[in-house]
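An overview of the molecular structure
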Amino acid sequence: MGAYALNTSIFDVQVAIAIGILGFLFRRFGMPITPLILGLILGPNLELQFRRALQISAGDYGTLWASPLSKILYLVLIHCTLYSNYYSHHAQSSQGCCGEIVDD
């Protein structure tokens, strides 16, 4: 009712229903909603800043990893991305049936 009352548009109601169905499916299949929300909120701003950085550097992608801090941050990002599944799987397999730690 609130989606329709704002602009008196049925499209707003359809968008609200679609987002509700998407949220239900995410919950149903155990997918986290937080990364989706963060991506939708921060995505346009990140794209704008990325475009500005490329304009300042005259299209040179090398400036994105030229400093030592950016190299360290990229390495941490790659490490977290590649090994997050390994760590979660390893933590689950090292627990017994009642949550006790089993020595390998």
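Scroll up for the structure.
Everything quoted here is computed from the prediction, not taken from an experiment. (Residues numbered from 1 in each chain as written. Predicted model: local features only at pLDDT ≥ 70, side-chain atom pairs only at ≥ 80, totals over all residues. Heavy atoms only, no water.)

1. Regarding the overall build of the chain
What counts here: Under the scheme used here, helices are H or I runs from DSSP no shorter than 4 residues and strands are E runs no shorter than 2 residues, and both carry numbers assigned from the N terminus. The buried label goes to any residue with under 20% of its type's maximum accessible area, the exposed label to any with over 50%, and the partly exposed label to all in between, with areas taken from a 1.4 Å probe on protein chains only. Method for areas: the Shrake-Rupley scheme with a 1.4 Å probe, in which residue coverage is limited to the protein chains shown.
Helix and strand content of the chain: 4 helices and 0 strands. Across the chain, helices and strands are ordered from the amino to the carboxyl terminus as α-α-α-α. Taken across its 104 residues, the chain has 5% of its residues classed as buried. Just so you have it, the chain exposes about 9,100 Å², and 69% of that area is on carbon and sulfur atoms.

2. Digging into a nonpolar patch on the surface
Convention followed: What makes a patch is a set of residues exposed beyond 30% relative accessible area and free of salt bridges, joined within 9 Å when like-charged and within 5 Å when nonpolar (Val, Leu, Ile, Met, Phe, Trp, Tyr). What counts as a salt bridge is simple: a side-chain nitrogen of Lys or Arg found within 4 Å of a carboxyl oxygen of Asp or Glu.
Side chains of Phe50, Tyr61, Trp65, Tyr74, Leu77, Ile78, Leu82, Tyr83, Tyr86 and Tyr87 sit close together on the surface and give an oily, nonpolar patch of about 1,100 Å² of accessible area. Broken down by element, the residue count for the nonpolar patch peaks at 7 residues, all from helix α4 (residues 68-93). Topologically, tyrosine 87 is positioned in helix α4.

3. Points about the environment of isoleucine 33
Convention followed: Working rule for contacts: check all heavy atoms of both residues, and any pair within 4.5 Å makes them a contact.
Within the fold, isoleucine 33 resides in the loop between α2 (10-28) and α3 (34-56). Measuring from C-alpha to C-alpha, the distance between isoleucine 33 and leucine 22 comes to 9.7 Å, with 11 residues separating the pair along the chain. Beyond its immediate sequence surroundings of up to four residues, isoleucine 33 is in contact with Gly23, Phe26 and Arg27.

4. Concerning α3
Counted only if it meets this: Multiply 1.5 Å by the residue count of a helix minus one, and that product is the helix's expected span. What we call the bend at a residue is the angle made by axes fitted to the seven residues finishing there and the seven residues starting there.
The terminal C-alpha atoms of α3, which comprises 23 residues, lie 32 Å apart, in line with the 33 Å expected from a rise of 1.5 Å per residue. By the largest-angle criterion, leucine 42 marks the main kink of α3, which is about 45°, and a proline, proline 44, follows within four residues. Note on α3: the residue one or two positions beyond its end, alanine 58, has a positive phi of about 60°.

5. Focus: the packing of aromatic side chains
Note the cut-off: In summary, the pairing rule links any two rings of Phe, Tyr or Trp, Trp by its six-membered ring, whose centres are within 6.5 Å, and it sorts them by plane angle into stacked for under 30 degrees, edge-to-face for over 60 and tilted for everything else.
Under the counting rule described, the total for this entry stands at 1 aromatic pair. Summarising the aromatic geometry, the rings of phenylalanine 50 and tyrosine 61 are spaced 6.4 Å apart at their centres and angled 35° between planes, so their arrangement reads as tilted. With phenylalanine 50 in helix α3 and tyrosine 61 in the loop between α3 and α4, this pair connects stretches of sequence that are 11 residues apart.

6. Some thoughts on the side chain of serine 70
Note on placement: serine 70 falls in helix α4. Relative accessible area serves as the criterion here: at 14%, serine 70 is assigned to the buried category. If near-sequence neighbours (up to four positions away) are discounted, serine 70 is found in contact with Leu64 and Trp65.

7. Quick look at unusual backbone geometry
You will see that alanine 58, though not glycine, has its phi angle at about 60°, which is positive. You can see alanine 58 is positioned in the loop between α3 and α4.

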